[in-house]
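# Understanding the architecture of this molecule
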Amino acid sequence: MNEMTPLAAPQRARKPDWIRVKAPTSVGFAETKQLMRRLNLATVCEEAACPNIGECWTKKHATVMILGDTCTRACAFCNVKTGMPRKVDPLEPEHVAVAAAEMGLQHIVITSVDRDDLPDGGASQFVKVIQALRRNTPSTTIEILTPDFRNKAQAAVESIVEARPDVYNHNLETVPRLYPTIRPGARYYASLRLLESVKRHDPSIFTKSGVMLGLGEERLEIHQVMDDMRSADIDFLTMGQYLQPTPRHAKVAEFVTPKAFDAYAAIARAKGFLLVASSPLTRSSYHAGDDFARLRDARAAKLAAARPQEVRA
């Protein structure tokens, strides 16, 4: 068995040691939870049962999930509840800005449920949140993680890019072959085109995307996804282990070893990504602030290396 070989996972397998995390008990965790409830904000940390919630909330880092807590889709990997969402909360943008200020965030990640019921897919709420953050916490850098805005992507991307987030993230989630069972409401190439269009409209905005491993994908399929992402000029790739939230969700096909994640990361860097985060516990917004600083440094270094050397007199 080589370093790229995953470990087979029997049904409802016990998580390996490298996946287990401690239950959250800190004062900081409790304070973050109280703040979210007071401002009537949902978080993907809770709704998606993120394994890193204890660590992040202890540090007063939380990923706010706008447009409510109910999704109009039912992806096989996702723990967010599905149904008919409530009306969009007009106070939500200001509440997000208040949360960012009270937590003292230097970098904030904003995501959302899918809202196929809305004419713009919820794009205008992303714009309002970005604008509220710029007014209230102008030094906070902003990363957004959007849905695919099915059949509305062009107008949605144009409006959001005009609001100028610092990072635009949209996850491909898995390889094209698994879309019909894992992400049936989405289309792989539509997601790629969305990210490509962000760069086309504003090359200065960093683009980011992620995939889950352990759903039954093949190694060469992951390599192809990397190539597709680079063709779309995506700057930052995240890779993490898929964990089955409940027995009714897609099963874990394998637990990918930390060495295999490291090997994937080396391949991704060789393919030209500015930054790669790859480990079993990596999630889209895990250590996002630190990663953003590295992303800026990586771009600056790349631009410096590309400049022709000055000819000395």
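For the structure itself, consult the block above.
Residues numbered from 1 in each chain as written. Predicted model: local features only at pLDDT ≥ 70, side-chain atom pairs only at ≥ 80, totals over all residues. Heavy atoms only, no water.

## Thoughts on empty space enclosed by the protein
What counts, and what does not: Residues are called lining when one of their atoms sits within 4 Å of a cavity or pocket point, these points coming from a 1 Å grid over the protein atoms alone, where a cavity is a set in which a 1.4 Å probe fits but cannot get out and a pocket is an open set with protein on both sides within 12 Å along at least five of seven lines. Grid points are joined across faces, edges and corners, and a volume is the space filled by probe spheres set on the points. In this classification, Asp, Glu, Lys and Arg are treated as charged, Ala, Val, Leu, Ile, Met, Phe, Trp, Tyr, Cys and Pro as nonpolar, and every other residue, Gly included, as polar.
Tallying each qualifying case throughout the model produces one cavity of 30 Å³ or more. Considering only enclosed or pocket space, the largest cavity measures out at about 30 Å³ in volume. Lining the largest cavity are R73, D114, R115, D116, G121, P147, D148, F149, R150 and K152. For the lining of the largest cavity, the class distribution of residues is two nonpolar, one polar and seven charged.

## So, the sheet that holds strand β4 (residues 107-112)
We count it as follows: Two strands form a pair only when DSSP identifies at least two bridges running between them. For the purposes of this entry, the term helix denotes a DSSP run of H or I that reaches at least four residues, the term strand denotes a run of E that reaches at least two, and both are numbered from the N terminus. Should any heavy atoms of two residues lie within 4.5 Å, those residues are counted as being in contact. Axis lines are fitted through C-alpha atoms, for helices just across the contact stretch, and the angle between N-to-C directions can take any value from 0 to 180 degrees.
Spatial strand order, β2-β3-β4-β5-β6-β7-β8-β10: eight strands in an open sheet with mixed pairing. The sheet terminates laterally at β2 (42-43) and β10 (275-278), the two strands that pair on one side only. By the bridge criterion, four bridges tie strand β8 (residues 236-241) to β10 in an arrangement that is parallel. Counterpart to L237 in the pairing with β10 is V276. The sheet strands contacting helix α10 (residues 258-270) are β7 (206-213), β8 and β10, and the helix crosses β10 at an angle near 165 degrees.

## A few points about the pattern of salt bridges
We apply this condition: We define a salt bridge as a contact between a side-chain nitrogen of Lys or Arg and a carboxyl oxygen of Asp or Glu at a distance within 4 Å. Summary of the burial criterion: residues with accessible area below 20% of their type's maximum are buried, those above 50% are exposed, and those between are partly exposed, where the area comes from a 1.4 Å probe applied to protein chains only.
For the structure shown, the criterion picks out 16 salt bridges. For R135, the salt bridge goes to E94, with nearest N and O atoms at 2.4 Å. Of the two residues, R135 is situated in helix α5 (residues 123-136) and E94 in helix α4 (residues 92-103); the sequence distance between them amounts to 41 residues. On the accessibility criterion, E94 (32% relative accessible area) is partly exposed. Residue R177 is joined to E221 by a salt bridge in which the shortest nitrogen-to-oxygen separation is 2.7 Å. Linking R177 in the loop between β6 (167-169) and α7 (179-182) with E221 in helix α9 (residues 219-231), this pair joins segments that are 44 residues apart in sequence. According to the relative accessible area criterion, R177 is partly exposed, its value standing at 45%.

## Observations regarding the environment of G68
Following the sequence through the fold, G68 ends up in the loop between β3 (64-66) and α4. Overall, G68 belongs to the partly exposed group, its relative accessible area being 27%. Separated by 19 residues in sequence, G68 and K87 place their C-alpha atoms 8.2 Å apart. G68 has contacts with A42, E92 and V113, leaving out every residue within four places of it along the chain.

## A look at the environment of S231
Examined against the element boundaries, S231 turns out to sit in helix α9. Classification of S231 by relative accessible area gives exposed; the value is 59%. Sequence separation between S231 and E196 is 35 residues; the distance between their C-alpha atoms is 8.4 Å.

## Description of the packing of aromatic side chains
Both the distance between ring centres and the angle between the ring planes are used here to describe each pair of aromatic rings. As a reminder of what qualifies: Paired rings are identified among Phe, Tyr and Trp, the last through its six-membered ring, by centres lying within 6.5 Å, and are further divided according to the angle between planes into stacked (under 30 degrees), edge-to-face (over 60) and tilted (the rest).
Under the definition given, this model contains four aromatic pairs. With a centroid separation of 4.9 Å and 90 degrees between ring planes, the pair formed by Y188 and Y189 is classed as edge-to-face. A relative accessible area of 4% places Y188 in the buried class. Both rings, one in F206 and one in F292, keep their centres 5.9 Å apart while their planes meet at 90 degrees; by these two values the pair is edge-to-face. Placement of the pair is F206 in strand β7 and F292 in helix α11 (residues 288-306), with a sequence separation of 86 residues.

## So, helix α8 (residues 188-201)
Put simply, the rule is: Residue count minus one, scaled by 1.5 Å, sets the expected span of a helix.
In this model, α8 (14 residues) spans 21 Å end to end at C-alpha, consistent with the 20 Å of a helix rising 1.5 Å per residue. Within the span of α8, buried status applies to Y188, S191, L192, L194, L195, S197, V198 and K199. As for α8, its buried residues are in contact with α6 (153-163), β6, α7, β7, α9 and α11.

Function-wise, these values are silent; they only describe arrangement.
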